[in-house]
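Given next are the chains, with one letter for each unit.
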Amino acid sequence: MSVDVATVRRIARLARIAVTEEEAQSLQHELSAILDWVEQLGEVDVDGVPPMTSTVAMAMKKRADTVTDGGRVEDILRNAPETEDGYFVVPKVVE
Amino acid sequence: MNKAVREAASQKLVEGATGRWEIVVGMEVHAQVTSQAKLFSGASTRFGADPNTNVSLVDAAMPGMLPVINEFCIAQAVRTGLGLQAKINLRSVFDRKNYFYPDLPQGYQISQYSDPLVGEGVVQLDMPDGERVEVGIERIHVEQDAGKSLHDQHPAKTYVDLNRTGVALMEIVSRPDLRSADEARAYLTKLRTILRYLGTCDGNMEEGSLRADINVSVRRPGEPLGTRCEVKNVNSIRFIGQAIEHEARRQIDLIEDGGTVEQETRLFDPRTGATRSMRSKEEAHDYRYFPDPDLLPLELEQSWVDAIAADLPELPDDKKARLIAEYGLSAYDAGILVADWETADFFEKVAAGRDGKAAANWVINDLLGALNRDGRDITDSPLSPDQLGAIIELIGEEVISGKIAKELFEIVWTEGGDPRDIVEARGLKQVTDTGAIEAAVDEVISANPDKAEQAKAKPNLAGWFVGQVMKATGGKANPQAVNALVKKKLGVE
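Tell me about the overall build of chain A, and please be specific about residues and values.
On a plain count of helices and strands, chain A comes out with three helices and three strands. If you list the helices and strands of chain A from N to C, you get α-α-β-α-β-β. The globule rule puts the C-alpha radius of gyration for 95 residues at 12 Å, and the 22 Å found for chain A is more than 25% above it. Its C-alpha atoms put chain A at 55 × 45 × 25 Å along the principal axes. Taken over 95 residues, chain A has a buried fraction of 18%. Taking the contacts inside chain A whose residues are at least 6 apart along the sequence as the reference set, 32% of them involve residues at least 24 apart. Accessible area for chain A stands at about 7400 Å²; split by element, carbon and sulfur atoms hold 57% of it. Across chain A, the centroid of the 10 positively charged side chains sits 8 Å from that of the 18 negatively charged ones.

With reference to specific residues and values, describe helix α6 (residues 331–338) of chain B.
Residue and element names in this part refer to chain B. Within α6 the residues assigned to the buried category are Asp333, Ala334, Leu337 and Val338. Viewed along the axis of α6, the buried residues span an arc of 125°, placing them on a single side of the element. Each element contacted by the buried residues of α6 is listed here: α2 (181–198), α5 (316–327), α7 (341–351) and α8 (356–373).

So what's going on with the nonpolar core? Which residues, and what values?
All names here are of chain B. Within the largest apolar cluster, 107 residues are counted, with the highest numbers of intra-cluster contacts made by Met27, Phe94, Ile172, Tyr187, Phe347, Leu367 and Leu388. In contact with Leu367, not counting residues within four places along its chain, are Phe346, Trp362, Ile378, Ser381, Leu383, Leu388, Phe409 and Trp413. Counting residues in each nonpolar core, the second largest holds 19 residues, with Ile437, Val482, Leu485 and Val486 among its members.

Lay out the pairing of strand β12 (residues 210–219) of chain B with the relevant residues and their values.
Residues and elements named next belong to chain B. Counting buried residues along β12, nine of its 10 residues qualify, which places the element largely inside the surrounding structure. Bridging between strand β2 (residues 19–32) and β12 involves 10 bridges; their strand directions are antiparallel. Residue pairing for β12: Ala31 is matched across the bridge by Leu210. Sheet analysis places β12 next to strand β13 (residues 229–234), joined by four bridges and oriented antiparallel. Looking across to β13, one finds that Asn215 is bridged to Glu230.

Which residues make up the packing of aromatic side chains, and what values do they have?
Residue and element names in this part refer to chain B. Across all of its chains, the model carries 10 aromatic pairs over all chains by this definition. Centroid distance Tyr287 to Tyr289: 6.2 Å. Interplanar angle 75°. Geometry classified as edge-to-face. Overall, Tyr287 belongs to the buried group, its relative accessible area being 16%. The aromatic ring of Trp362 is capped on one face by Lys406, whose charged end is 4.7 Å from the ring centroid.

Residues and numbers for the layout of surface pockets, please.
Residue and element names in this part refer to chain B. What the second largest pocket holds in volume is close to 590 Å³. Surrounding the second largest pocket, 20 residues form its lining, Asp126, Met127, Pro128, Lys320 and Gly335 being those nearest its centre. Secondary structure elements with two or more residues in the lining of the second largest pocket: β7 (121–126), α2, α5 and α6. For the lining of the second largest pocket, a count of residues per class yields 10 nonpolar, five polar and five charged.

Before we move on, could you go through the sheet that holds strand β9 (residues 148–150) of chain B and cite the residues and values that matter?
Pairing is antiparallel across the open sheet formed by four strands, whose spatial order is β2(A)-β3(A)-β10(B)-β9(B). What marks the edges here is a single partner per strand, and that holds for β2 (83–84) of chain A together with β9 of chain B. Sheet topology places β2(A) next to strand β3 (residues 87–91) of chain A; two bridges connect them, and they run antiparallel. Its bridge partner being in β3(A), Glu84(A) is matched across the sheet by Tyr87(A).

Cut-offs and rules
Residues numbered from 1 in each chain as written. Chains lettered and ligands numbered in written order. Predicted model: local features only at pLDDT ≥ 70, side-chain atom pairs only at ≥ 80, totals over all residues. Heavy atoms only, no water. Helix = DSSP H or I, 4+ residues; strand = E, 2+ residues; numbered from the N terminus. Rg over C-alpha atoms; globule rule 2.2 N^0.38 Å. Buried < 20%, exposed > 50% of the residue type's maximum accessible area, 1.4 Å probe, protein only. Contact = heavy atoms within 4.5 Å. Areas by Shrake-Rupley, 256 points an atom, 1.4 Å probe, with all protein chains shown as cover. Lys, Arg positive; Asp, Glu negative; His and termini not counted. Charge placed at Lys NZ, Arg CZ, Asp CG, Glu CD. Arc of directions from axis to C-beta. Core = buried A, V, L, I, M, F, W, Y, C linked by side-chain atoms within 4.5 Å. Pairing = 2+ DSSP bridges. Phe/Tyr/Trp six-rings, centres within 6.5 Å; stacked < 30°, edge-to-face > 60°. Lys NZ or Arg CZ within 6 Å of the ring centre and 35° of its normal. 1 Å grid on protein atoms, 1.4 Å probe; cavity = no way out; pocket = protein on both sides within 12 Å on 5 of 7 lines; lining within 4 Å. Points joined across faces, edges and corners; volume = space filled by probe spheres on them. Nonpolar A, V, L, I, M, F, W, Y, C, P; charged D, E, K, R; others polar.

Everything listed here is a matter of coordinates, which is why it stays silent on function.
Structure, rendered in structure tokens:
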């Protein structure tokens, strides 16, 4: 299975990664090679085999409905380039 | 009945320049789950906290943080599904819905896609004209809420508060079974009532606990469904009608002018009452869902679901039927009383051991009227059920007249106290002593000989005399006794 350059650009755009024309060309080959490799799995007959959702057979861990976290504004905002009055401040993104 | 092609009665069609059109509406309602902590973290869900104080490192999507599901949120969604007579899927899967926005730090929303927790259900609407509309529920899935972006704090910046990030939401998806703005309003109202009965969502639209996205399309009667537009940002039941009417009109005008409706997301503007195109997001719609590798499938035991089912409260439809059967109420009155479970509860306390119809009249007309007038909620009514009950008893015992009862109601409303004591202390007792009433009647008749003469030809004038006697006795005379005496003395029947 191979991808074309247009698909590479589309994936890059959806992932918000800037890709130059040159990079797109080489990524096309890389992605195609990865997909070809994974496609070998198609040779296995999985009729009647349920999809595997975990490597260990266990039930999902659950938590009780109690407040155990929060009140750590400094921690939350520490990496933000810009903050004000406890808010993250980002370039305007109005619709 | 095939609900997907349900046809509206002709009076619900809307007139276009080239003929009549049918409006088709489906809704996606986002209901915030009532819980203490968030869906996948231990941060609080409390509304109105200082920005970014109810945020854990999981909500902020710091590297290495893993989601752990809040079991109570799942129980709440199951409870909601059961309340909507829906199928509960014992196995459901959480998926990642990928998109970028500043109030979504993960870069994806944990949601459910192909295997939701709740399957098909139904909501019944009793329309004012007596029509019963069944609205199919397609599914309910559980997902994370996003944070809040404030765009109006700064000319070039957006401020982001993640307090809401990760709060559990139920997305309740209806089938396109609604055929008018009225039905859409009735649907959201009913859904809100059910959620509040169940205690799974507080239904507070102002705080955003309940939000509706509305899918609107139009078609000529009998034709296949038209292309729909999704209208977002409709945050009150009143605006739903406006948004649908405006959007349907826009589509009809567009088609009649030779255009075609493009499938798109539109934003409702409450200031103008209009909808406008939000953005062209044909690419943004590619959410690339895939199962969240951080979460195992959610597997429930039937016995756990059964325990929740056994604990469901009486729901509005059942309560309404019971109030009609038990207290002899009209469907209309019962419908008003069950719209809020607190009101129904209040009514039943007033009606216990008393006249049910009188209790319904007093609760609906007087109590709800006064609460509305003073902008109060039934949960902080100045009058208790016992106080209102005592007033109704006093009328039933013929201690006070209906007119005095209204005054008594206002006195208890503003001053409080035991209605029976107030009646004693202020001499509000009805005069049933025929001698005293007779004297008052005689006095009014002798003071108005002309009118008394006229009344012989126009028996309707007797009503005027009754009014005068009531006035003369300060409203305390028994109206039936006055009526009988006036007629007798005037010689009219």
